[in-house]
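Listed here are the chains, written in short residue letters.
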Amino acid sequence: MIEQEMAEMPVPRGLNEPGREQPMEKEYVPTQKEALRDFEISIKFLNRGCIVSVGCKSIAFEDVSKAMEEINAYVCGDTYKVQKKWRKILD
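Residues numbered from 1 in each chain as written. Predicted model: local features only at pLDDT ≥ 70, side-chain atom pairs only at ≥ 80, totals over all residues. Heavy atoms only, no water.

A. Region of the structure containing the overall build of the protein. Each helix and strand counted, the protein has four helices and three strands in total. What you see in the protein, going N to C, is helices and strands ordered as α-α-β-β-β-α-α. In the protein, which comprises 91 residues, the proportion classed as buried is 20%. Across the protein, the fraction of contacts at a sequence separation of at least 24, relative to all contacts at a separation of at least 6, is 39%. Accessible area for the protein stands at about 8,000 Å²; split by element, carbon and sulfur atoms hold 56% of it. (Helix = DSSP H or I, 4+ residues; strand = E, 2+ residues; numbered from the N terminus. Buried < 20%, exposed > 50% of the residue type's maximum accessible area, 1.4 Å probe, protein only. Contact = heavy atoms within 4.5 Å. Areas by Shrake-Rupley, 256 points an atom, 1.4 Å probe, with all protein chains shown as cover.)

B. Highlighting helix α4 (residues 79-90). Helix length check: α4, at 12 residues, gives a terminal C-alpha distance of 16 Å against a target of 16 Å (1.5 Å per residue), a fit within 8%. Among the residues of α4, T79, Y80, V82, Q83 and W86 are the ones counted as buried. End-on, the buried residues of α4 take up no more than an arc of 160°, which puts them together on one face. Structural note: α4 exposes K81, K88 and I89 on the side pointing more than 90 degrees away from its buried face. (Expected span 1.5 Å × (residues − 1). Arc of directions from axis to C-beta.)

Structure below.
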């Protein structure tokens, strides 16, 4: 019965025409400031290298200069894009 009612309902023009795709919802992308406020960043320097913690994730770097490059990309670059990159690596 419900199927019959739905079949009888008028369809707005243009929505189901062949070759016309439905618009997809865009992924929410936070601003740079919003993305940086999401997680606390800390650096623990060791005898050799350092540990960078962002939120609850920690990453060990053998080379401090490489760690600084990654932190710089995170803070000064596209923070959201860098977050996605590291989530993919760590998850």
